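Residue-level structure breakdown
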Amino acid sequence: MNRLGLLCPRRTRYILDTLYLFRKNPSSNYCFRLPTSFSPEDDFMSNFQLVRSCFSVAKIPTFARSYCSGNNGVDSSEWTEDIQYLDESGSVIYSGKGIRSVEPGLDDHVMVGGLKKPILNASAVVKIVEIVKRWKWGPEMETQLDRLQFVPNMTHVTQALKVIADTDASLSLFRWAMRQSWYLPNDECYAILFDRLNQSRDFDGIQLLFDDMIRDSSKHGTSSFCAYNRVIQYLAKAEKLEVSFCCFKKVQESGSKIDTQTYNSLITLFLTKGLPYKAFEIYESMEKAGCSLDGSTYELMIPSLAKSGRLDAASKLFQEMKEKNFRPSFLIFASLVDSMGKAGRLDTSIKLYMEMQGLGLRPSATMFVSLIESFAKAGKLETALRIWDEMKKAGFRPNYGLYTMIVESHAKSGKLEIAMSIFSDMEKAGFLPTPSTYSCLLEMHAGSGQVDAAMKLYSSMTNAGLRPGLSTYTALLTLLANKKLVDVAAKILLEMKAMGYAVDVSASDVLMVYIKDGSVDLSLRWLRFMGASSIRTNNFIIRQLFESCMRNGLYDSAKPLLETYVNSAAKVDLILYTSILAHLVRCQEEQNERHLMSILGATKHKAHTFMCGLFMGPEQRKQPVLTFVRDFFQGIDYEMEEGAARYFVNVLLNYLVLMGQINRARCVWKVAYENKLFPKAIVFDQHIAWSLDVRNLSVGAALIAVVHTLHRFRKRMLYYGVVPRRIKLVTGPTLKIVVAQMLSSVESPFEVSKVVLRAPGDSVLEWFKKPIVQQFLLNEIPSRADILMHKLNTLFPSSAPEIRSLSPPKPLITGKAI
């Protein structure tokens, strides 16, 4: 038996205090065994460790001895030695058999006297908690756990985890347990650990532990329903979108069940992140898995489906919710009423509105605004006004935007009286109308032609310090232009310019209104105002005004416009030149002819140079007429101006015929035909039929074409002996009489039908052999003294064409012969 040796007073006092505490509490878990050696010379810490090693766990309330498993050849029925426990004075407190060496983790009981008693779960848990709290983590803790004198199980670990508050210590204990042979996956353990990690906001740790749990479940073929759902919920609430969705997919792949709360958490997360279609995907997974929906799911999904435009799905869920006796909230009604209204399902929207009121829910101001806006935009203004009144009766005051919308919707619908009434209420309520509201009212009054009301609104707007928009000015100026209030329009335009707007386009628009209306005097007056105010217009409008002046015979005003047009580097094209030439053809007064000739010269177009050269003599022109004409037509860009060239030929031939320049006219027609301006005019159908189509020609061009073509037919028939069965002249209803009268003057065999002059080829051949026909075809069309020219003058009024002709033709036949 060993006794406590002499120590230094300080060390002795520490040990005696320890023994005294043990005496005071003999039911404690500590037993003391005197060491075989105790050196007073050792330092305090080494002696403290020595004394500490004397204590070991015993079973409460008696001093218990661990029963040896019998390994290592040690007899389990023998005690190693007798131990005496002394008090401060050295008296024996207790004596008994000591503890022999054991193999930790193999004994599942303790000895109480001579009896074996199993280790209680509470004692095991206490011991595990004590070790974990003391060592926290690391190899030292695991060594102590490995030396436990009993075999733990998952129940011990689970209970210990509930007591241990430290996250790292809990994880260390759990990972140690996972390496033991007795380990089995435990849903409760994982749930406790996930709770600890969530409290410490360690989401990386949650993800790592989740991966371990997935591998663990796959290895043992188990499923941790509670822990799986808890992980996803924690990550979703922490807005870890990608991680939570990844965990969700892994749980789905593992075949584990996911509860409604977890689905709701994910749906909430995706909706919060602005990903409604991903939330719908989760909802569809929920339906596919057969998971029942709760009130929260309906509260989440119905508004989301409605706002995303999936109204049928939202309505279906709404009906399902009511069938399950869930009470729809105001949020659901508000979202459905708003979405249905915006989608144009007004009947459904108002029905839901009434149903909500039937459940005792009070509409909000936002809902009233949504309904009024939906009905107003759909043009159902009576219903909108009824809801407007209900809104005011409910105690809600229409706001600025609602007033504006109601006023504008009524104004745009043409209900100007109601719009102005609400507009007055808006002003009385203290709301200053926006420029948009003023503009809408003003534009609608302008569109309806109410000048006084429009000007009154314009004055109110400017007096309120509001700046009218460009569309407002445009509408007002258009109204004033249509009403021909030039002075008022000029005043408004100058105010618009003072506001900083570019007024060139608006002024030009007003000018176009006058031009289209045919008010040439007002157009010229407005143009002068624009010039005085340094406001420019474009060449297109100048050209339009020029053509208006030409149509109205205002040649004095037309020439300055044309000069302005040319001096501004605008191109006078062949069409414009031809249109001026057409006016010259129709001119009846010699004074106006001089104006028109000067206007033609002012165009500076190459066609005018050609016209002047065409009437010159060969000496001045220095080349034959046919060559001169060919040179001009070769300079035309037929890809760009083919239509203009045809127009020019038609008008020019009219002019040449009326001027008596038949030979020159035949040259122009010949060159025009050579350049394929009239490709389908002459058709040779072998020996069957030859035809000439003059339906698309002017009168002068048609006459020249008939004479020239018949001359070609005569040459082919007489010189080459080719005689067709018939010859046709396709004239159309307009030219039929003129061509028939011309041919009847030389007794032609052509018979007149509806639109065609026909004759057998043999008859035409005999007709061609007559000398008078030869002279007729080789020379010229009869002059003005003949009946034919009288007819031409009727079609083309002209003063003294023989005076304008530089070389009057000789008449082929006298009036007596006709």
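Scroll up to find the structure.
The shown structure was predicted, so the numbers you read here are calculated from the model rather than taken from an experiment. (Residues numbered from 1 in each chain as written. Predicted model: local features only at pLDDT ≥ 70, side-chain atom pairs only at ≥ 80, totals over all residues. Heavy atoms only, no water.)

1. Observations concerning the sheet that holds strand β8 (residues 682-685)
Filter applied, for reference: Between any two strands, pairing holds if DSSP finds at least two bridges. Helix and strand assignments follow DSSP, with helices taken as H or I runs no shorter than four residues and strands as E runs no shorter than two, numbered in order from the N terminus. Whether two residues touch is decided by their heavy atoms; if any such pair falls within 4.5 Å, the residues are in contact. For helices, the fitted axis covers only the stretch in contact; all axes are lines through C-alpha atoms, and the angles between them, taken along N-to-C directions, range from 0 to 180 degrees.
Reading across from one edge, β8-β9-β10-β12-β11 is the order of the five strands in this open sheet, with mixed pairing throughout. Strands with a single pairing partner mark the edges of an open sheet, and in this sheet they are β8 and β11 (751-752). The sheet contact formed by strand β9 (residues 689-693) and strand β10 (residues 726-730) spans five bridges and is parallel. Within β10, the position partnered with Asp693 by the bridge is Val730. Contacting β8, β9 and β10, helix α36 (residues 699-719) crosses the sheet at an angle of about 165° to β9.

2. Examining the pairing of strand β12 (residues 756-760)
Where β10 meets β12, five bridges bridge the pair, whose relative direction is antiparallel. The partner of Arg726 across the bridge, within β12, is Pro760. In the sheet, β11 pairs with β12 via two bridges, with the strands oriented antiparallel. Paired with Val752 across the bridge in β12 is Leu757. Taking the residues that link successive antiparallel strands as the turn, the β11-β12 hairpin has three residues.

3. Quick word on the packing of helix α3 (residues 121-135) against helix α5 (residues 154-163)
Put simply, the test is: Throughout this description, any angle smaller than 35 degrees is read as roughly parallel, any larger than 145 degrees as roughly antiparallel, any in the 65 to 115 degree range as roughly perpendicular, and the remainder as oblique. Definitions for this section: a left-handed crossing has its near helix turned counterclockwise from the far helix by less than a right angle. A right-handed crossing has that turn clockwise. Amino acid classes used here: Ala, Val, Leu, Ile, Met, Phe, Trp, Tyr, Cys and Pro are nonpolar; Asp, Glu, Lys and Arg are charged; the rest, including Gly, are polar.
One way to put it is that α3 packs onto α5 with a least axis distance of 9 Å and a crossing angle of 55°. Considered as vectors, α3 and α5 are oriented oblique to each other. In this structure, the crossing between α3 and α5 has a hand that is right-handed. Of the residues in α5, those touching α3 at Asn121, Ala124, Val125, Ile128, Val129 and Lys133 are His156, Gln159, Ala160 and Val163. Partitioned by chemical class, the residues of the contact of α3 with α5 number six nonpolar, three polar and one charged.

4. So, the pattern of salt bridges
When the charged atoms of two side chains with opposite charge come close together, those side chains can pair. To keep it simple, the criterion reads: A pairing counts as a salt bridge when a side-chain nitrogen of Lys or Arg comes within 4 Å of a carboxyl oxygen of Asp or Glu. Relative accessible area decides the class of each residue, using a 1.4 Å probe on protein chains only: under 20% of the type maximum gives buried, over 50% gives exposed, and in between gives partly exposed.
According to the stated counting rule, one finds 13 salt bridges in the structure shown. Asp312 serves as the salt-bridge partner of Arg345, at 3.1 Å between the closest nitrogen and oxygen. Here the residue Arg345 occupies a position in the loop between α15 (330-342) and α16 (346-358), and Asp312 occupies one in helix α14 (residues 311-323), the gap between them amounting to 33 residues. Using a relative accessible area of 33% as the deciding quantity, one classes Arg345 as partly exposed. Look at Asp312 and you get exposed, because its relative accessible area is 55%. Close ionic contact of Glu355 with Lys322 constitutes a salt bridge, the shortest N to O distance being 2.9 Å. Note that Glu355 is positioned in helix α16 and Lys322 in helix α14, a separation of 33 residues in sequence. In this structure Glu355 comes out as partly exposed when scored by relative accessible area, which is 24%.

5. Examining the pairing of β8
Two elements, β8 and β9, share four bridges in a ladder whose sense is antiparallel. Bridge assignment links Phe684 to a residue of β9, and that residue is Trp690. Count of turn residues in the β8/β9 antiparallel hairpin: three residues, of which Gln686 carries a positive phi of about 50°.

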